[in-house]
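# Geometric and topological summary
Chain residues, written in single-letter form:
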Amino acid sequence: MADEVSIDKNVFHTRLSALHTQWKADKRSGNHVFGDVGSIAVVMGKSDETQGFHKANAMQFWLLGYEFPATLFLITLEAMYIITTKKKAAYLEPLKEGGKTPIEIIVRGKDAEENAKQFERCLETIKAAGKKVGVISKEQSTGPFVNEWRTAFADISKEVEEVDITPALSAAMAVKDENELRAIRNASVASSHTMADFFLDYMSDVLDKDKKISHKALCDKIAGKIDDEKFFKWKKAPANFDTMQLDWSIQPTVMSGGNFDLKLGSEPDDNNLHAGVIIAAFGLRYQTYASMIARTYLVDPNKTQESMYKLLLSVHEAVMKELRDGVAANAVYQKAISTIKAKKPELVSKFVKSVGAGIGIEARDAGLILNAKNTRVLKDGMTFSITTGFSDLDNPNPQDKKRDAKYALMLSDTVRINPPGSEQALFSFTKDAPIDVESTSFFFNEEEEEKKEKPKAKKDSRVGAVASSNITKTRLRGQGGTTQNEEKEAARREHQKELHQKKQQEGVEKYAEGHGNLNGTQEKKFKRFESYKRDSQFPSKIKDLVVLVDPKNNSVILPIMGRPVPFHINTLKNATTSTEGGFTYLRINFTSPGQGVGRKDEQTPFEDPTAQFIRSLTFRSHDTNRMEDIKDQITDMRKAASRKEQEKKDMEDVVEQDKLVEIRNRRPFRLDNIYVRPAVESKRVGGAVEIHQNGLRYHHLGNQKIDILFGNIKHLFFQPCVGELIVIIHVHLHNPIMIGKKKTKDVQFYREATEMQFDETGNRKRKHRYGDEEEFEAEQEEKRRRAQLDKEFRSFTEKIADAGKGEGLAVDMPFRDLGFNGVPSRSSVTVQPTTDCLVQLTEPPFMVITLTDIEVVHLERVQFGLKNFDMVVVFKDFTRAPSHINTIPVEALDGVKDWLDSVDIPYSEGPLNLNWATIMKTVIADPHTFFKDGGWSFLSTESDSDDEDEEEEESAFEVSEEELASEASSEDESDFDDDASAEASEADGSDEDEEGEDWDELEKKAARKDREGGLEEEEKRPVKAGGKKRR
């Protein structure tokens, strides 16, 4: 211990001077606090941990930072005398220097007479200082040293008056300096961390899993957490937080089941934790400075309990607002009482008798109690533990009449009073443990919400019993020759013309003159690759002057002119070997400008392309194996460097998500037996999805988790299992996340709609049922199961949207009736529109195209005779490659056009496939010129000209009314002409029969001719199965 004790003399003299300043100021203002004492005597006996902190050792901690047993402090206005043992005196020796007040240290020994003389000298000093001496009246110190002092002091007790100095010492230590406030803050945040991140989690887990644990065992769990250094090194831990400085100022107390003591005076009992009202209270101490926190948690509360807790919150908040500089202590308590009287006056008698007390080295300063009697004025820098609560409350609807009939509520926080003029009158050190109703209420027996019945559609009295769809409104026979389809096509064509004109105008306005290349005109910066920063980093083998491959530093060291020269692997193009004349030649090629004419060579940046470059270096050796080995090492290192660079490029858009905030006041909404795509591992293992405060969490059965925050979700889809084998909840993200080693912007949760197993033979019903009845019942069961599955998934998706409504989440659902088959990637799938997107969610890779991101759509290979056509989606972000959906059946063409037109997307069509890479490169190079020259109109030029030709051909043939009438009058003639022509053709084809013959006669005639032609042999041939012989 001797080596560890180090007293800060600057702090000692600063605080002693502050005590003297207040003492002198009180003498000038009327001696209201110090009581006109001339000296102060504070004696400390033997150390006793059971007594805790009291005024005597609190004063020692305040001045010295340590407790000094068997020590007397005698303070006058002129000097300070310390009587202690020789060993302790050695630690106090440095205090004699550096202060305004003289310090005299008197060393006690084993000589009783000498010790008595020392006490006599102190008594003379007390008498000389004045007729009043300040002492701690309720002295808690004991021991031989204290007894000896009291015996000596009794000799002058009639000459001097003893005055209780406790209020004065309390006033001196009440206003905290910066170091004290920092210590109280550290103690408080450690307490709130223990409450919010350990007790709350542990308690909710016990209740959730119906475990049994006694109050005493739970308190022991909390008390043992102080030794967990890792726990107290959390993210929000204060800077330079030393876990060795922690201790308990208030031992953990947990109360439930009707037994509540808001004074925290009783020991935790052996009753089990009861799921009802639970109060937890404790306080940690940091560097001898205390803190206090208490929280009430409500498990499955009724409305009365919730309203009572809300009342307590309002009282607690009122106390916090009233606690400010210049306010009397009793005014704070009266504010709490007036708040209760205004809302529920009958609860005044059940309210606590004080709303807190000063806190510092002592966990409860008796001189700063916030009750109805204390008139002390509060000042900036004071710290308090604010405690509000109701006891002996009646529960009108108890779940357990024995344990829930009576309950109590309690809240406690550690705060400091801010300076006047601050935005907030006080600052709460324990705010990290929330006290709002949502954070402190738990619902473990939560019943399913009753779903509201959808209102039935009102019947229109005007329609009556006739279906409105059967009423003809638009067409009569005499309205003209155009059909409804032609009108629809004309309206669609007109709307598309407007959309294209609008798109063209937007493009001209957006890309004004001088806009330049969308990719920018800045040249690629030259990347400097550094192999070694210092000579000492070179491998030791360089002294051999050989070709050396250093994979650790991605470099190749080559001997040139007797010196080892390092080259980074990114400066090398490749390495080759060849054999000639007994030597193996190693040729190392370097990257340099002008090596090729490819696109890759054009993009390679160089610091100075006009400089001289080494194209290659060649080395030869008789050792063929070594040369081959060097070549292989260089090749492998080059591949690894390229792969690493590509991975880095792929990971550029991956954003690290914020931390998921879990729901702790109730069980989160959960969907079990769920599979995820992309899969977490190769084995097909299911898991569960949970909805938390700010996102989703997928629990994989392999103890892996996938967190998706609502803020990162761009689209949320629900796809039912109608016509599909699976039911899907699909999440499309703004920024990709990593699942395992895969980067993805789409995460899908699904469950198979079909039964996993079906016993074809073990069904007993087969004894009594035959035919199709069983199959029909199985079919109905399948329909019911699918409907239930859709209902379950849809409800869960709506809960996700409700939880993420703050981020603008809404459920989107594919319209299967508008879907069409196509090949967006490898296989033919059903592509379906939704309200905001065009999606394919059945097979990976998934496709999600946001409609607002689409610039135009072009339909390719639309021409007569082809069974399929292709769709190309061009995005507003021209740097993004267009999306292709190929091989769409031509039967879906009108449906696709109608849908595109209905969502105001301009489309065009053409007979050929276009080179979109070249087109987009032209657009990106100069978008201003592109839109100035007509923009996307070049796509529809050819199709429009074809349509115009068709219109001209159609308009060239017009039927007049006279021709129409003559055509109607000649209908009878046309019937005769048809019969005549038929007879003429028959006469030309047959000379034997002028009239028609039936099939039997024709068959007999044919058989007769066969016999005449000598085909009787065929009759004797075997006839194939199922055939007939002619007779």
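Anything mentioned here points back to the structure above.
Since this is a predicted model, take the numbers as computed values, not measurements. (Residues numbered from 1 in each chain as written. Predicted model: local features only at pLDDT ≥ 70, side-chain atom pairs only at ≥ 80, totals over all residues. Heavy atoms only, no water.)

### A closer look at the side chain of His-20
Inclusion rule: Starting at the N terminus, helices and strands are each numbered in turn, a helix being any DSSP run of H or I of at least four residues and a strand any DSSP run of E of at least two. For every residue, the accessible area (1.4 Å probe, protein chains only) is compared with the maximum for its type, and the residue is labelled buried under 20%, exposed over 50%, or partly exposed between those bounds. Only heavy atoms matter for contacts: two residues are in contact if any of them lie within 4.5 Å across the pair.
For His-20, the position within the fold is in helix α1 (residues 9–29). By relative accessible area, which is 4% here, His-20 ends up buried. Ignoring anything within four residues of it in the chain, the contact list for His-20 reads Ile-75, Thr-76, Leu-77 and Thr-101.

### What about the pairing of strand β34 (residues 847–850)?
On any regular strand, side chains alternate: one points to one face of the sheet, the next to the other face. This is how the line gets drawn: What makes two strands pair is DSSP finding at least two bridges between them.
The alternating pattern of β34 places Met-847 and Ile-849 and Val-848 and Thr-850 on opposite faces, both of which are buried. Turn length for the strand β33 (residues 837–840)-β34 hairpin, with the two strands adjacent in sequence and antiparallel, is six residues.

### A few points about the sheet that holds β34
To be explicit about the condition: Whenever a helix is involved, its axis is fitted only over the stretch in contact; in every case the axis is a line through C-alpha atoms, and angles between N-to-C directions fall within 0 to 180 degrees.
Read across the open sheet, the four strands follow the order β31-β32-β33-β34; overall the sheet is antiparallel. Because the sheet does not close on itself, it has two edges, and the strands there are β31 (820–822) and β34. Taking the axes of each pair of neighbouring strands and ignoring which way they run, one obtains an average angle of 25° across the sheet. Pairing geometry for strand β32 (residues 829–833) and β33, over two bridges, is antiparallel. Bridge pairing links Pro-833 to Leu-838 in β33.

### Looking at the packing of helix α9 (residues 303–322) against helix α10 (residues 329–343)
Where we set the bar: By definition in this entry, angles of less than 35 degrees are roughly parallel, angles greater than 145 are roughly antiparallel, angles of 65 to 115 are roughly perpendicular, and the rest are oblique. Handedness of a helix crossing follows the sense of rotation of the near helix relative to the far helix, less than a right angle counterclockwise being left-handed and clockwise being right-handed.
Contact geometry of α9 with α10 gives a least axis separation of 9 Å together with a crossing angle of 150°. On the basis of the axis angle, α9 is roughly antiparallel to α10. Judged by the twist between their axes, the crossing of α9 over α10 is right-handed. Here α9 contributes Leu-311, Ser-314, Val-315, Ala-318, Val-319 and Glu-322 to the contact with α10, which in turn contributes Ala-331, Val-332, Lys-335, Ala-336, Thr-339, Ile-340 and Lys-343.

### Looking at the sheet that holds strand β19 (residues 563–568)
The three strands are arranged β17-β18-β19 in an open sheet whose pairing can be described as antiparallel. The outermost strands of the open sheet, each flanked by one partner alone, are β17 (548–550) and β19. Pairwise comparison of adjacent strand axes, ignoring direction, gives a mean angle of 25° for this sheet. Bridge count between β17 and strand β18 (residues 555–560): three bridges; the pairing is antiparallel. Within the sheet, the bridge partner assigned to Asp-550 lies in β18 and is Ser-555. In the packing of helix α14 (residues 624–650) onto the sheet, contacts are made with β17 and β18, and the angle to β17 comes to roughly 25°.

### Side note on the pattern of salt bridges
We count it as follows: Whenever a carboxyl oxygen of Asp or Glu lies within 4 Å of a side-chain nitrogen of Lys or Arg, that contact is scored as a salt bridge.
Throughout the structure, instances matching the rule amount to 43 salt bridges. Here Asp-432 ties to Lys-431 by a salt bridge, and the two come within 4.0 Å at their closest N and O atoms. Put simply, Arg-492 and Asp-898 hold a salt bridge, and the shortest N to O gap is 2.5 Å. Highlighted residues: Arg-492 in helix α12 (residues 484–510) and Asp-898 in helix α16 (residues 893–902), separated in sequence by 406 residues. Judged by relative accessible area, which is 6%, Arg-492 ranks as buried.

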